[in-house]
Amino acid sequence: MEILPGVHRIGVLGSSVFLLEGRSLVLVDAGPRGSGSRILRYLRHIGRSPRELDLIVLTHYHPDHAGGAAELARLARAPIAAHVAEAPYLRGEIGMPNPFVRHQALAAAASPLLPWIMPQPVRVDVELEDGDGLPGLEGLRVVHTPGHTPGSISLYAPARRLLLVGDALEWKRGELRLPSRFFSEDLEEAARSVQKLASLDARTLCFSHFPPADQAARRLRSLAAGA
Ligand SMILES: [Zn+2]
Ligand SMILES: [Zn+2]
């Protein structure tokens, strides 16, 4: 569904990916493994072809965001961009940490399923750093927001006052919160990332697992003040 002109939120299993339709066509995140055909179906539904996809940006390496990347890169032949800190994991050069590692019971329960859940190695064509510009929306840029994972990135489009935070924040019962303590690698770092996001003049906040929120700057500043 189109949540702002040219900004689409596409539901995949357990999360959302975003399609940015400006002069370039950019997909933010790839969903869990098996999401490729669903995402490409959405593209066709809005009259675009998978071949028009210019870039797939991954907000971080968790399997619910990067799992569909290998399949999509193959089907759409689009390059993949991710933060420099996570590129070696995504390429399979370093083993990815168990995403459930901070929740013992869940880690044990999920462990036999990991071979089917974890992302398959994928080519990372563009290694991103804080402040890098991206196509898709006017002025779109990378904001490095580590904490949930070391290479978590948010994307900010100042002309639209739109901020996509992936899993760097949660939005529950009308309240903005730090990322899940069960799935985040460093909560102190996550709190520092909130300070960074609070300096932006964002209006609309988009999350991977929650509906969008308005009044982004006000909510971010109040979270930053209490964090
Ligand atoms: Zn995550
Ligand atoms: Zn997630």
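One can find the structure itself at the top, above this paragraph.
The following refers to the structure shown. (Residues numbered from 1 in each chain as written. Chains lettered and ligands numbered in written order. Predicted model: local features only at pLDDT ≥ 70, side-chain atom pairs only at ≥ 80, totals over all residues.)

## Side note on the nonpolar core
Applicable threshold: In this description, a nonpolar core means buried residues of the types Ala, Val, Leu, Ile, Met, Phe, Trp, Tyr and Cys, linked to one another by C-beta atoms lying within 7 Å. Using C-beta atoms placed from the backbone, we call a residue buried if 20 or more other C-beta atoms fall within 10 Å of its own, exposed if 12 or fewer do, and partly exposed for counts in between. Numbering of helices and strands runs from the N terminus; a helix is a DSSP stretch of H or I covering at least four residues, while a strand is a stretch of E covering at least two. Residues are defined as contacting one another if the C-beta atoms placed from their backbone atoms lie within 7 Å.
Grouped together as the largest cluster of nonpolar side chains are 61 residues, with contacts concentrated most on I56, L58 and A69. Sort the elements by how many residues they give to this core and helix α3 (residues 69–76) lands first, with five residues. Not counting residues up to four positions away in its chain, the partners in contact with A69 are A30, I56, L58, I80, P119 and V122.

## So, the sheet that holds strand β10 (residues 162–166)
Across a sheet, strands are paired by hydrogen bonds formed along the backbone, either parallel or antiparallel in direction. To keep it simple, the criterion reads: Criterion used throughout: strands pair if DSSP finds at least two bridges between them. In this analysis, axes come from line fits to C-alpha atoms, helices being fitted only over the stretch in contact, and the angle between any two N-to-C directions falls in the range 0 to 180 degrees.
Pairing in this open sheet of four strands is mixed, and the strands run β8-β9-β10-β13 from one edge to the other. Two strands in the sheet have a free side with no partner beyond their single neighbour: β8 (141–144) and β13 (204–207). Neighbour-to-neighbour, the strand axes of the sheet open up by a mean angle of 25 degrees, direction not taken into account. The pairing of β8 with strand β9 (residues 153–157) spans four bridges and is antiparallel. When the sheet's bridge partners are listed, H144 is paired in β9 with I153.

## Comments concerning the packing of helix α7 (residues 187–198) against helix α8 (residues 216–226)
Packed helix pairs are specified by the crossing angle of their axes together with the interaxial distance, meaning the distance between the axes. How we decide: Two helices that cross are described as forming a left-handed crossing if the nearer one is turned anticlockwise from the farther one by less than a right angle, and a right-handed crossing if clockwise.
Relative orientation of the contacting elements α7 and α8 amounts to 140 degrees, with a least axis distance of 8 Å. As α7 runs across α8, the sense of the crossing is left-handed. Every residue of α8 that contacts α7 at V194, Q195, L197 and A198 is listed here: L220, R221, L223 and A224.

## Looking at α3
In terms of burial, α3 is a largely internal element, six of the eight residues being buried. Buried within α3 are the following residues: A69, A70, E71, L72, A73 and A76. Buried-residue contacts for α3 involve α1 (36–45), β5 (53–57), α2 (63–66) and β6 (80–83).

## So, unusual backbone geometry
Residue D29 is not a glycine yet carries a positive backbone phi of 75 degrees. Turning to its location among the elements, D29 is positioned in the loop between β4 (25–28) and α1. Given 30 C-beta atoms within 10 Å, D29 falls into the buried group. Phi at R161 is positive, roughly 55 degrees, even though this residue is not glycine. Considering the arrangement of structural elements, one finds R161 in the loop between β9 and β10.

## Quick word on the packing of α1 against α3
Our working definition: Comment on the angle field: the value is read as roughly parallel under 35 degrees, roughly antiparallel over 145, roughly perpendicular from 65 to 115, and oblique elsewhere. In this classification, the charged set is Asp, Glu, Lys and Arg, the nonpolar set is Ala, Val, Leu, Ile, Met, Phe, Trp, Tyr, Cys and Pro, and all remaining amino acids, among them Gly, are polar.
Orientation of α1 relative to α3, taken along the N-to-C sense of each, is 45 degrees, at an axis distance of 9 Å. When the axes of α1 and α3 are compared, the pair comes out oblique. In contact with G36, I39 and L40 of α1, α3 contributes E71, L72, L75 and A76. In the contact of α1 with α3, the residues fall into five nonpolar, one polar and one charged.

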